[in-house]
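Okay, here's what each chain looks like letter by letter:
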Amino acid sequence: MTNIHFDMYIPNSVPANFHFLVSIEDWGPNQVDNGGDDTRQQIFVTASQVQANTWISIDAPFTLVNKNNIGLIIMENINGSSLSNFYMDNIYFYKP
């Protein structure tokens, strides 16, 4: 697969300092977290990409070299944003 898709919903309002990070981690051929062969891709989502009270779609290139042992998808509110709730749906990898 060459792309990742996810839908995101932020209830109420989008904080002015909103910054969100999606990390995808492949655990490598040994299939062990922190096994020495892990790779990670990070996707940054900024306030200009989202709207409050509306489902928005994010599509990004899926650039990990190793893609056969995805172990984690981590969603983080970063940079001290006051975001307290969000919803994610329709997370999938695809080839256009």
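Above: the structure in question.
Here goes a summary of the coordinates provided. (Residues numbered from 1 in each chain as written. Predicted model: local features only at pLDDT ≥ 70, side-chain atom pairs only at ≥ 80, totals over all residues. Heavy atoms only, no water.)

**Remarks on unusual backbone geometry**
Residues other than glycine seldom take positive phi values, yet Asn34 does so here, at roughly 60 degrees. Position of Asn34 relative to the elements: it lies in the loop between strand E2 (19–26) and strand E3 (39–46). Backbone geometry places Asn53, a non-glycine residue, at a positive phi of 60 degrees. Of note, Asn53 is situated in the loop between E3 and strand E4 (56–61). Its relative accessible area of 45% is what places Asn53 among the partly exposed residues. (Helix = DSSP H or I, 4+ residues; strand = E, 2+ residues; numbered from the N terminus. Buried < 20%, exposed > 50% of the residue type's maximum accessible area, 1.4 Å probe, protein only.)

**Remarks on the packing of aromatic side chains**
The geometry of an aromatic ring pair is captured by the separation of the ring centres together with the interplanar angle, meaning the angle of the planes. For the structure on display, the rule yields six aromatic pairs. Arranged with centres 4.8 Å apart and planes meeting at 75 degrees, the rings of Phe20 and Phe86 form a pair that is edge-to-face. With Phe20 in strand E2 and Phe86 in the loop between strand E5 (70–77) and strand E6 (87–94), this residue pair connects regions lying 66 residues apart in the sequence. You can call Phe86 partly exposed: its relative accessible area is 29%. Three or more aromatic residues joined by ring pairs form one cluster here, namely Tyr9, Trp55 and Tyr87. (Phe/Tyr/Trp six-rings, centres within 6.5 Å; stacked < 30°, edge-to-face > 60°.)

**Thoughts on the nonpolar core**
Core analysis: the largest hydrophobic core is formed by 18 residues, its most contacted members being Met8, Phe18, Phe20, Val45 and Val50. When contributions to this core are tallied by element, the ones reaching two or more residues are strand E1 (3–9), E2, E3 and E4. Aside from chain neighbours lying at most four places away, what touches Val50 is Met8, Ile10, Val14, Phe18, Val45 and Ile56. (Core = buried A, V, L, I, M, F, W, Y, C linked by side-chain atoms within 4.5 Å. Contact = heavy atoms within 4.5 Å.)

Keep in mind that these numbers describe shape and distance, not what the molecule does.
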